[in-house]
Amino acid sequence: MVGRNRRYALADSAQQIVGGFLLAGPFVVTEEVWTLAGSMAWFQALGTVAIVFAIGYGALYKADDERDPDREAEVAGVPVRFISLVLVSYLSVVILALAFDAPNTFLAEEYGSGTMPQLFVTLKAVSVGAVFSVVGAATADSVF
């Protein structure tokens, strides 16, 4: 295949991973993100999930006229490239948060360590970080 109109390959996920980690990093270690997550309601967290999906799909298939989701490999009707992008966007934030011990650093005093409230706030913080991670992952996938 020539140019950017090529099929999805494992190298595409590697590019997404680099971009996803690059943009997720600063948000995982920012106290304001964790404080913000603590004040978010469940519907706001779901809103960030919708934003991640919209940004991801738009960046992959609407911003790039040469890429057609109907011509890509699919799982249950969803393009593999898009599935990879969403997984990278969330997992990069989770991995960095756990590697830096962010939940305990930012939440243990208020929510306790290893508690359900801490888990819920962590999930909301991950949803915030994924908004930025998806931008990096999609950009890296589209540019390289």
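Residues numbered from 1 in each chain as written. Predicted model: local features only at pLDDT ≥ 70, side-chain atom pairs only at ≥ 80, totals over all residues. Heavy atoms only, no water.

Caption draft 1: Geometry of the packing of helix H3 (residues 42-62) against helix H6 (residues 116-143). For the pair H3 and H6, interaxial distance at closest approach is 9 Å and the crossing angle is 0 degrees. Of the possible angle classes, the one that applies to H3 and H6 is roughly parallel. Residue-level contacts link Ala45, Thr48, Ile51, Val52, Ile55, Gly56, Ala59 and Leu60 of H3 to Lys124, Ser127, Val128, Ala130, Val131, Val134, Val135, Ala138, Asp141 and Ser142 of H6. Split into classes, the residues belonging to the contact of H3 with H6 amount to 12 nonpolar, four polar and two charged. (Axes fitted to C-alpha atoms, helices over the stretch in contact; angles between N-to-C directions. Helix = DSSP H or I, 4+ residues; strand = E, 2+ residues; numbered from the N terminus. Parallel < 35°, antiparallel > 145°, perpendicular 65-115°, else oblique. Contact = heavy atoms within 4.5 Å. Nonpolar A, V, L, I, M, F, W, Y, C, P; charged D, E, K, R; others polar.)

Caption draft 2: Looking closely at the side chain of Ser92. Within the fold, Ser92 resides in helix H4 (residues 80-99). Polar contacts involving the side chain of Ser92 include one to the main-chain carbonyl oxygen of Ser89, which spans 3.4 Å. Setting aside anything within four residues of it in sequence, one finds Ser92 in contact with Gly20, Phe21, Ala24, Leu87 and Ser133. (Polar contact = N/O pair within 3.5 Å; in protein donor to acceptor, adjacent residues only side chain to side chain.)

Caption draft 3: Inspection of the pattern of salt bridges at higher detail. Scanning the entire structure with this criterion turns up three salt bridges. With a closest N to O distance of 3.0 Å, Arg81 and Asp141 form a salt bridge. Taken together, the positions of Arg81 in helix H4 and Asp141 in helix H6 put the pair 60 residues apart, joining distant regions of the chain. Here Arg81 and Asp141 have matching classes, each one buried. Through salt bridges with shared partners, a single ionic network connects Asp12, Glu72, Arg81 and Asp141. (Salt bridge = Lys/Arg side-chain N within 4 Å of Asp/Glu carboxyl O. Buried < 20%, exposed > 50% of the residue type's maximum accessible area, 1.4 Å probe, protein only.)

Caption draft 4: Examining the packing of helix H2 (residues 31-39) against H6 more closely. Following both chains from N to C, one finds H2 and H6 inclined at 120 degrees, their axes separated by 8 Å at the closest point. Classified by the interaxial angle, the pair formed by H2 and H6 is oblique. Note that H2 runs across H6; the crossing there is right-handed. Two secondary-structure elements touch here, H2 through Val33, Trp34, Leu36, Ala37 and Gly38 and H6 through Val121, Thr122, Lys124, Ala125 and Val128. Here the residues of the contact of H2 with H6 sort into seven nonpolar, two polar and one charged. (Left-handed = near helix turned anticlockwise from the far one by under 90°.)

Caption draft 5: Highlighting the packing of aromatic side chains. Counted according to the given criterion, the structure contains six aromatic pairs. Ring centres of Trp42 and Phe43 lie 6.0 Å apart, and the angle between their planes is 90 degrees; on these two criteria the pair is classed as edge-to-face. When its relative accessible area of 63% is taken as the criterion, Trp42 is described as exposed. With centroids separated by 5.8 Å and ring planes inclined at 80 degrees, the aromatic side chains of Tyr57 and Phe82 adopt a geometry described as edge-to-face. Of the two residues, Tyr57 is situated in helix H3 and Phe82 in helix H4; the sequence distance between them amounts to 25 residues. The exposure class assigned to Phe82 is buried, which follows from its relative accessible area of 9%. Taken together, Phe53, Tyr57, Tyr61 and Phe82 form an aromatic cluster joined through their ring pairs. (Phe/Tyr/Trp six-rings, centres within 6.5 Å; stacked < 30°, edge-to-face > 60°.)

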